[in-house]
Amino acid sequence: MAHSSFLAWWLNPKSEHGLGDSPIKLFLRLIATKTWGNSDGKDEAFYTRILTGNYDVEVVGDIEVEKNVGKICNRNSKDRIDIWSVLRLTYEEDGAEKQIIIPLVIENKIYSGEGQNQTQRYYKAASEYELVKEVEHHPICVLLTVEDKKAQSEHFYNISLSTHGHVSLVCQNVHDNGKDFRCDHNSLRIFKVRQFLH
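Residues numbered from 1 in each chain as written. Predicted model: local features only at pLDDT ≥ 70, side-chain atom pairs only at ≥ 80, totals over all residues. Heavy atoms only, no water.

Observations regarding the pairing of strand β5 (residues 140-145)
The following threshold applies: Three labels apply to residues, based on accessible area from a 1.4 Å probe with only protein chains included: buried if under 20% of the type maximum, exposed if over 50%, partly exposed otherwise in between. Only runs of H or I of at least four residues qualify as helices and only runs of E of at least two qualify as strands under DSSP, and these elements are numbered from the N terminus. Here, any two strands with at least 2 DSSP bridges between them count as paired.
Buried residues dominate β5, accounting for six of its six residues. Note that strand β3 (residues 96-109) and β5 share six bridges and pair parallel. When the bridges of β5 are listed, Lys 109 appears paired with Thr 145.

Some thoughts on the confidence of the model for the protein chain
Basically, it comes down to this: pLDDT expresses how confident the predictor is about each individual residue, on a scale running from 0 to 100. The contact criterion used is simple: two residues touch if any of their non-hydrogen atoms lie within 4.5 Å.
The predicted model of the protein chain has a mean per-residue pLDDT of 77, with 72% of residues at 70 or higher. Note that pLDDT drops below 50 for residues 178-198; the model gives that stretch 32 contacts with residues more than four away or on any other chain.

Regarding the pattern of salt bridges
Opposite charge on two side chains permits them to pair, given that their charged atoms come into close proximity. Which entries qualify depends on this criterion: Here a salt bridge means any side-chain nitrogen of Lys or Arg lying within 4 Å of a carboxyl oxygen belonging to Asp or Glu.
As enumerated under the stated definition, the model contains seven salt bridges in all. Lys 98 is the salt-bridge partner of Glu 93, the closest N and O atoms lying 3.6 Å from each other. Judged by its relative accessible area of 30%, Glu 93 is partly exposed. The salt bridge partner of Glu 128 is Lys 124, with a shortest N-O separation of 2.4 Å. With Glu 128 and Lys 124 both in helix α5 (residues 118-128), this residue pair falls four residues apart, about one helical turn. The network of salt bridges with shared partners includes Arg 49, Glu 93 and Lys 98.

Focus on the side chain of Ser 153
For clarity, the cut-off: Between N or O atoms, a polar contact is any pair within 3.5 Å; within protein, one atom must be a potential hydrogen donor and the other a potential acceptor, and residues adjacent in sequence are included only when both atoms are from side chains.
With respect to the helices and strands, the residue Ser 153 is situated in the loop between β5 and β6 (156-160). Polar side-chain contacts of Ser 153 include one of 3.1 Å to the backbone nitrogen of His 155. Once you skip the residues sitting within four places of it in the chain, Ser 153 turns out to touch Thr 119, Gln 120 and Tyr 123.

Quick look at the structure:
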């Protein structure tokens, strides 16, 4: 739960970490680099946009920890997604503003393995979620593990949380790209990032 709470705080542009949308954009870019060349044409155009960074991102509502699946897809379920959010990507194409809604699922498996069909159920919930009928929805589901284990669902991206793994590189990239932690709660922010990385 502590890792999930930290990640939710860190990824949220509304958090008081002073990093804005840099962490969520770099996290999406990490996913895009893992999928490059391994997806169909439609997905490739989507991930190319993510890689170029030519979009604005907004968290619709909040980034939630331990979100009940039943509240996402109106089903009776006791399943809880570690991190759930809905992102709205806005970009310009052919002189017109376009949007994509991303139901984002992050399942954090630090000290435990995946339950029976767990990632399949979570992907199904994310793919059934609908915020706006006229807008394209593109669910992104991520399994975070220490050892980069593969999810049971083929729709989940596997990302490593190890010290030298993917998420640590994103944290370092935010810092290296000129995003600093200078503000009223400077020492707390540095402590949280260092604690997460080690």
